[in-house]
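Residue-level listing of the chains:
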Amino acid sequence: MKFQRIFLLVFFVITNLTAQDFKSEHFTIEKLSDGVFAVIHKAGGYAICNAGIVNLGDETLVYDCFISPLAAKDLKTAAEKLTGNKVKYLVNSHFHNDHIRGNQVFTDAEIIATERIKDLIEMNEPEELKSETEIVGPMIEKTLKQIENENDPSMLEEHKMWLDYYKAIQQSLDEYKITLPNKFFTDTLVIKGSKRNAAIINLGKGHTEEDIVLWLPEEKILFGGDLMFAERHPFLGDGFPDEWINCLEKFKKLDAKYIVPGHGNVGSNEDIDKLKLYIQKVDNIIDNAIADNLTIDQLKQTEIPDEFKSWRLSRFYMLNLIIGYQKKIGANK
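Sequence order sets the numbering: in each chain, residues are counted from 1 along the sequence as written. Only residues with pLDDT of at least 70 are given local features in this predicted model, and only at 80 or more are side-chain atom pairs given and counted; all residues enter the totals for whole chains, interfaces and linings. Only hydrogens and water are set aside when side-chain values are computed; all heavy atoms of the structure are taken into account.

Caption draft 1: Structural context of the packing of aromatic side chains. Think of it this way: a Phe, Tyr or Trp ring, Trp meaning its six-membered ring, pairs with another when their centres are within 6.5 Å, and the plane angle makes it stacked under 30 degrees, edge-to-face over 60, tilted otherwise. In total, this model carries eleven aromatic pairs according to the counting rule given. Relative to Tyr166, the ring of Trp162 lies with its centre 6.2 Å away and its plane at 35°, an arrangement referred to as tilted. Here Trp162 pairs with Tyr166, and both are found in helix 5 (residues 153-172), just four residues apart, close to one helical turn. Note on Tyr166: relative accessible area 9%, which makes it buried. Between Trp162 and Phe316 the ring centres are 5.7 Å apart and the planes differ by 85°, which places this aromatic pair in the edge-to-face class. Elements are defined by DSSP. Helices are runs of H or I of four residues or more, strands are runs of E of two residues or more, and each kind is numbered from the N terminus. For every residue, the accessible area (1.4 Å probe, protein chains only) is compared with the maximum for its type, and the residue is labelled buried under 20%, exposed over 50%, or partly exposed between those bounds.

Caption draft 2: A look at the layout of surface pockets. Buriedness of a pocket was judged along seven lines, with at least five required to meet protein on both sides within 12 Å; pockets are open sets of points on a 1 Å grid over the protein atoms alone, cavities are sets where a 1.4 Å probe fits but cannot get out, and lining residues have an atom within 4 Å of a point. Grid points are joined across faces, edges and corners, and a volume is the space filled by probe spheres set on the points. Each pocket or cavity is described by its volume, and for the largest pocket that value is around 1100 Å³. Lining the largest pocket are 40 residues, with Asn97, Asp98, Trp162, Tyr165 and Phe316 sitting closest to its centre. Of all the secondary-structure elements, those providing two or more residues to the lining of the largest pocket are strand 2 (36-41), helix 3 (97-100), helix 4 (115-149), helix 5, strand 11 (221-229) and helix 9 (315-332). With nine residues, helix 5 is the largest single contributor of residues to the lining of the largest pocket.

Caption draft 3: Representation of the nonpolar core within the structure. Within this scheme, the nonpolar core is defined by two criteria: the residues are buried Ala, Val, Leu, Ile, Met, Phe, Trp, Tyr or Cys, and they are joined through side-chain atoms within 4.5 Å. Judged by nonpolar contacts, the single largest core of 47 residues is most densely connected at Leu248 and Phe251. Put simply, the parts of the chain that give this core at least two residues each are helix 4, helix 5, strand 10 (212-216), strand 11, helix 6 (241-254), helix 7 (269-291) and helix 9. It only takes one pair of heavy atoms within 4.5 Å for two residues to be counted as in contact. Those residues within four positions of Leu248 in sequence are excluded, and the remaining contacts are Leu227, Met228, Ile272, Leu275, Lys276 and Ile279. Within the second largest apolar cluster, 30 residues are counted, among which are Leu32, Val54, Ile117 and Phe185.

Caption draft 4: Layout of the packing of helix 6 against helix 7. Here helix 6 crosses helix 7 at 165°, and the two axes come no closer than 10 Å. Judged on the interaxial angle alone, helix 7 and helix 6 are roughly antiparallel. Between helix 6 and helix 7 the crossing geometry is left-handed. Across the interface between the two elements, Pro241, Trp244, Ile245, Leu248, Glu249, Phe251 and Lys252 of helix 6 pack against Asn269, Ile272, Asp273, Leu275, Lys276, Ile279, Gln280 and Asp283 of helix 7. Considering only residue class, the contact of helix 6 with helix 7 consists of eight nonpolar, two polar and five charged. A fitted line through C-alpha atoms serves as each axis, taken over the contacting stretch for helices, and the angle formed by two N-to-C directions is quoted from 0 to 180°. Note on terminology: angles under 35 degrees are roughly parallel, angles over 145 are roughly antiparallel, angles of 65 to 115 are roughly perpendicular, and the others are oblique. A clockwise turn of the near helix away from the far one marks a right-handed crossing, whereas an anticlockwise turn of less than a right angle marks a left-handed crossing. For this scheme, ten residues count as nonpolar: Ala, Val, Leu, Ile, Met, Phe, Trp, Tyr, Cys and Pro. Four count as charged, namely Asp, Glu, Lys and Arg, and the remainder, Gly too, count as polar.

Caption draft 5: Geometry of the pattern of salt bridges. Here, a salt bridge means any Lys or Arg side-chain nitrogen found within 4 Å of an Asp or Glu carboxyl oxygen. The full count for this structure, using the stated rule, is 21 salt bridges. Lys73 is paired through a salt bridge with Glu175; the nearest N and O atoms lie 3.7 Å apart. With Lys73 in helix 2 (residues 69-83) and Glu175 in the loop between helix 5 and strand 7 (183-184), this residue pair connects regions lying 102 residues apart in the sequence. Classification of Lys73 by relative accessible area gives partly exposed; the value is 41%. Here Glu231 and Lys274 are joined by a salt bridge, their closest N and O atoms 2.7 Å apart. Note that Glu231 is positioned in the loop between strand 11 and helix 6 and Lys274 in helix 7, a separation of 43 residues in sequence. Judged by relative accessible area, which is 30%, Glu231 ranks as partly exposed. What emerges from the salt-bridge pattern is a single network uniting Arg101, Glu125 and Glu132.

Caption draft 6: Inspection of the side chain of Ser93 at higher detail. Counting through the fold element by element, Ser93 comes out in the loop between strand 5 (87-91) and helix 3. Contacts described as polar in this section are N or O atom pairs within 3.5 Å, which, within protein, must combine one atom able to donate a hydrogen with one able to accept it, while residues neighboring in sequence count only if both atoms come from side chains. Side chain to side chain, Ser93 and His94 meet in a polar contact 2.9 Å long. Excluding residues within four positions of it along the chain, Ser93 makes contact with Tyr63, Asp64, His99, Ile117, Glu210, Asp211, Ile212 and Gly225.

Caption draft 7: Representation of empty space enclosed by the protein. Following the criterion strictly, the structure yields one cavity of 30 Å³ or more and no others. Quantified by volume, the largest cavity comes out at close to 40 Å³. Along the walls of the largest cavity sit Asn50, Ala51, Gly52, Tyr63, Asp64, His99, Phe223, Gly224, Gly225, Val260, Pro261 and Gly262, which together make up its complete lining. Among the secondary structure elements, those contributing two or more residues to the lining of the largest cavity are strand 3 (51-55), strand 11 and strand 12 (258-263). Among the residues forming the lining of the largest cavity, the class breakdown is five nonpolar, six polar and one charged.

This is the structure we're talking about:
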């Protein structure tokens, strides 16, 4: 009886942890509703992207799992301690490395994606790993020098963020194993739990060829993956601007109470409008450059529009212009 009382006391303490009780050097946890948590990358940590934890009742679902298996281990521990359940489902929102490399920590879960996302991981990861092995050391050295010589506080934070990214990759190279999704769906997968239902939705082309979002209809909470960036320059290089805007318009109709972006802080419908404007402006700048017969070198002189100058991930801006320009020029040949 004494042992049973001790066990029940320990179990009660473990399963009643709050978001503030769990500490990680890689992320912070924000409670959005009873049993629903946004997991936000912390400066200096190795998460890099955001994630989500959802208590379905008797089972736990995790949305995205970071670039670093080390950070993913903390994520799994947090999910199980905050919900009192093992993680049964892990959703890969798309194929980019910062959202899928923690898969190896969740091999006892169903890793959910589309067949196309699985194929894209399988095609891209080996070559990306090979490239990273060669360049990550020099990139860390280069970034450390940028930090040492930077006087602009905003750019200093930018350099530090990229240092986190490169260090996360370097730290995980020896232990990382490409781990593919193992449960597939086409359009929508609804998981019914005793506490809440979760709708896993493939929106098709947007940020990449296929992007999956997580929608909790009862609480009106949306986990948008990299279809949503909040106060961050999105990476448009693998994207489809028109289709991405269509996805954002669908988000707006949901009238979500909370929107958890792939990068940035938890946002709202206002962030949808800002991101939509960004994509439209970049596309217009590219169209005007082509109409004016600008060269790539001339395009590189284009400054970031004022309304986006304070956004982080600013190096994506020029990449977006150059890649978008090259895509359109190539399509017109």
